[in-house]
Amino acid sequence: MATTIEQSEETKAKAEPELLGLLAEFDDPDALIEASKKVRDAGYRKWDTHTPFPIHGIDEAMGIKWTILPWIVAGCGLTGGTIAVGMQYWMNAVDYPFLISGKPLFSIPASIPITFELSVLLAAFGAFLGMLGLNQLPKLYNPIFKSEAFRRVTNDRFFVSMDAKDAKFSEIDTGEFLNSLNPINVEEFWSDTESPKLPRNLTLGLSLVGVVMLLLAGLVAYVRTTTSPDPRIHIIQDMDFQPSLKAQNTTNLFPDGREIRPNLKGTIPRGQFKDDNIPFYYGLKYLPEDQDVVTIALQEEKKADDKTATDKKAPAEKPAAPAAVDPVAAKLDKLPWVTEFPVPVTEKLMARGKERYRIYCSACHGLGGEGDGLVTLRAMELLQGTWVKPASYHTENVRKLPIGRLYHTITNGVRKMPAYGSQVTPEDRWAIVLYLKALQKSHQIDADTISEAEKRKLRDIK
């Protein structure tokens, strides 16, 4: 009785073998193509060929129709583009309209980047997933792999496999048909007879991994939805927690209690020694004995400008006194400014100056140096009380300024104009000065001194 029960359980554990199809082996790609044509003409629908390398003409021999994958990709791309346009329209024009400088709430050109990106993304998804679906992938196992002969399919053998699910399939008739194709061998392949159940150890291992993954997901969800006074775990610390002194604090490491050590007297930062070329770096022929005179003059100049702006705001209760001689301007005028360029004047330097001028200066001073840049026009339109209109380069006072003084103004600023010494290199500052002088000369040239050829050239300039 016990033996009968054991046999019954063993019988249940093993499935009945089932014929899955027939496999015909060939040793030549031409023979495979000829065989494929005959199988196609015989009316079989569920069959396939297996080769170690792509064979030209095999698709036509098998009668394979064009795949619908391009249509799937096109549909996914159009869907992505439609979603992107609709999403941007809803967000910008309906759900959260935000007017910026009078620009339209929704614009097709502005939506192109996101539309393109989402179209490509969904098209890629369609191509990848569509390919897997149409090829019924992934297939982790196929009983045909149990064939000893089929192992040479990646080497030097070619196969035709006939699926038993084909309506025309018959074990006897299909076998005879395959034999008529002159193959090397024809064999059957069957389904596995082993139990379809997974091994016990594998089941336990997968269950344990699943439990661990669920615990990790739950831990992440718990941390994301709760707060903690403790800092987050810093796995890679690098140099974030190295012992160091904090800026602007005191320390007992040095007798004076300061953390930051003062520069030693006479210390010059690397690459900042300028006294070997004073005209180039300062715009002066030589430094005055009291070198602080330049700095003091700048500070006094800014104070005088601020006072002038404040006086303009205050109500004028008394008639203004006659303008006195500005002592600051007089001090600056006495400095030994250079009058000749300390760099070679070339067309390349002029072109560089034009480029730098349009980047840094034209916004306020205008392209022609009239003090009518876009920023100035906007400030004057808004009646900004604190705005000081830049002086025109073509006034007599500015035209008479030595080039060293102009270089000094770009470097240190004047009135409301900030200093550009930290943004523009000395070479570019001299280039700007050169272009500025060219602008000034363009307004002072006498037409009678220009040749006819030069006049025609100027007329042709657009």
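Residues numbered from 1 in each chain as written. Predicted model: local features only at pLDDT ≥ 70, side-chain atom pairs only at ≥ 80, totals over all residues. Heavy atoms only, no water.

Q: Go over the confidence of the model for the chain with me, naming the residues and quoting the values.
A: Do not read the fine detail of predicted coordinates wherever pLDDT is low. Put simply, the chain has an average pLDDT of 85, and 87% of its residues get 70 or more. Low confidence marks residues 1–7, where pLDDT is under 50. Its contacts with residues over four positions away, or in another chain, come to 0 contacts. Throughout residues 312–323 the model reports pLDDT below 50, and contacts reaching past four residues in sequence, or to other chains, amount to 1 contact. (pLDDT = per-residue confidence, 0-100. Contact = heavy atoms within 4.5 Å.)

Q: How would you summarise the packing of aromatic side chains if you had to cite specific residues and measurements?
A: Taken as a whole and assessed by the stated rule, the structure comprises 12 aromatic pairs. The interplanar angle of 85° and the centroid separation of 5.7 Å between the aromatic rings of Phe-53 and Phe-158 together place this pair among those described as edge-to-face. On the criterion of sequence distance, the pair formed by Phe-53 in the loop between β2 (47–50) and α3 (58–62) and Phe-158 in strand β3 (residues 158–163) is long-range, its members being 105 residues apart. For Phe-53, a relative accessible area of 40% puts it in the partly exposed group. Overall, the relative accessible area of 3% leaves Phe-158 in the buried class. (Phe/Tyr/Trp six-rings, centres within 6.5 Å; stacked < 30°, edge-to-face > 60°. Helix = DSSP H or I, 4+ residues; strand = E, 2+ residues; numbered from the N terminus. Buried < 20%, exposed > 50% of the residue type's maximum accessible area, 1.4 Å probe, protein only.)

Q: Explain the packing of helix α11 (residues 347–360) against helix α16 (residues 426–442) residue by residue, including any values.
A: Running from N to C, α11 and α16 point in directions that differ by 90°, and their axes come no closer than 7 Å. In terms of axis orientation, α11 runs roughly perpendicular to α16. Across the interface between the two elements, Leu-349, Met-350, Arg-352, Gly-353, Lys-354, Arg-356, Tyr-357 and Arg-358 from α11 touch Glu-427, Asp-428, Ala-431, Ile-432, Leu-434, Tyr-435, Ala-438 and Leu-439 from α16. In terms of residue class, the contact of α11 with α16 is made up of 9 nonpolar, 1 polar and 6 charged. (Axes fitted to C-alpha atoms, helices over the stretch in contact; angles between N-to-C directions. Parallel < 35°, antiparallel > 145°, perpendicular 65-115°, else oblique. Nonpolar A, V, L, I, M, F, W, Y, C, P; charged D, E, K, R; others polar.)

Q: Give a description of the pattern of salt bridges that names residues and reports values.
A: Per the stated rule, a full pass over the model turns up 15 salt bridges. The salt bridge partner of Glu-34 is Lys-37, with a shortest N-O separation of 3.9 Å. Here Glu-34 pairs with Lys-37, and both are found in helix α2 (residues 29–41), just 3 residues apart, close to one helical turn. Under the relative-accessibility criterion, Glu-34 is labelled partly exposed at 44%. Notably, a salt bridge pairs Glu-381 with Arg-378, separated by 3.8 Å at the nearest N-O pair. Within this pair, Glu-381 and its partner Arg-378 are both found in helix α13 (residues 374–381), separated by 3 residues, close to a single helical turn. (Salt bridge = Lys/Arg side-chain N within 4 Å of Asp/Glu carboxyl O.)

Q: If you had to explain the UniProt feature "transmembrane region" (unreviewed entry) in the chain to someone new, which residues and values would you point to?
A: Listed under "transmembrane region" (unreviewed entry) in the UniProt record, and renumbered for this structure, are residues 68–90, 110–134 and 202–223. The span residues 68–90 shows a helical share of 96% and a strand share of 0%, and its end C-alpha atoms are spaced 33 Å apart. Structurally, residues 110–134 comprises 100% helix and 0% strand, and the distance from its first C-alpha atom to its last is 37 Å. (UniProt positions renumbered as here; feature names shortened; annotations may be inferred.)

Q: Help me get a handle on the pairing of β3, residues and values and all.
A: Burial analysis of β3 places 5 of its 6 residues in the buried class, which makes it a mostly covered element. Across 6 bridges, the pairing between strand β1 (residues 19–26) and β3 is antiparallel. Among the inter-strand pairings, Gly-21 is bridged to a residue of β3, identified as Asp-163. Pairing between β2 and β3: 4 bridges, direction antiparallel. Counted as the bridge partner of Thr-49 is Val-160 from β3. (Pairing = 2+ DSSP bridges.)

Q: So, helix α7 (residues 200–225): which residues are in play, and what are the values?
A: Here α7 contains 26 residues, and its C-alpha end-to-end distance of 38 Å stays within 8% of the 38 Å for a straight helix at 1.5 Å per residue. The buried fraction of α7 is low, at 0 of 26 residues. (Expected span 1.5 Å × (residues − 1).)

Q: Can you explain the sheet that holds β2? Please cite residues and give values.
A: Spatial strand order, β2-β3-β1-β4: 4 strands in an open sheet with antiparallel pairing. Two strands bound the open sheet, and with one partner strand each, they are β2 and β4 (185–190). Between one strand axis and the next, the sheet turns through 20° on average, direction left out of account. Docked against the sheet, α2 engages β1, β2 and β3, running at close to 20° with respect to β3. Helix-sheet contacts for helix α6 (residues 171–179) involve β1, β3 and β4, and the interaxial angle to β1 is about 10°.

Q: Let's hear about the state of the cysteines: which residues, and what values?
A: By the definition in use, this model includes 0 disulfides. Looking at the unpaired Cys-361, the closest cysteine sulfur is the one in Cys-364, lying at 9.0 Å. Since its relative accessible area comes to 13%, Cys-361 is described here as buried. Looking at Cys-364, the relative accessible area reads 24%, which means it is partly exposed. (Disulfide = S-S within 2.5 Å.)

Q: Tell me about the environment of Ser-170, residues and numbers included.
A: With respect to the helices and strands, Ser-170 occurs in the loop between β3 and α6. In this structure, the C-alpha to C-alpha distance between Ser-170 and Leu-22, residues 148 residues apart in sequence, is 9.8 Å.

Q: Now, about the packing of helix α4 (residues 69–95) against helix α5 (residues 108–134): what can you tell me, with residues and values included?
A: Put simply, α4 and α5 touch, their axes get as near as 7 Å, and they point 150° apart. Pair α4 / α5 crosses with right-handed handedness. Tallied by class, residues from the contact of α4 with α5 come to 16 nonpolar, 10 polar and no charged. (Left-handed = near helix turned anticlockwise from the far one by under 90°.)

Q: Talk me through unusual backbone geometry; I want residue IDs and the actual numbers.
A: Leu-137 connects to Pro-138 through a cis peptide bond whose omega is 0°. If you trace the backbone, Pro-138 turns up in the loop between α5 and β3. At Gln-136, a position not held by glycine, the phi torsion is positive, near 50°. Within the secondary structure layout, Gln-136 lies in the loop between α5 and β3. A relative accessible area of 57% places Gln-136 in the exposed class. Unlike most non-glycine residues, Arg-415 shows phi in positive territory, near 50°. Its place among the elements puts Arg-415 in the loop between α15 (403–412) and α16.

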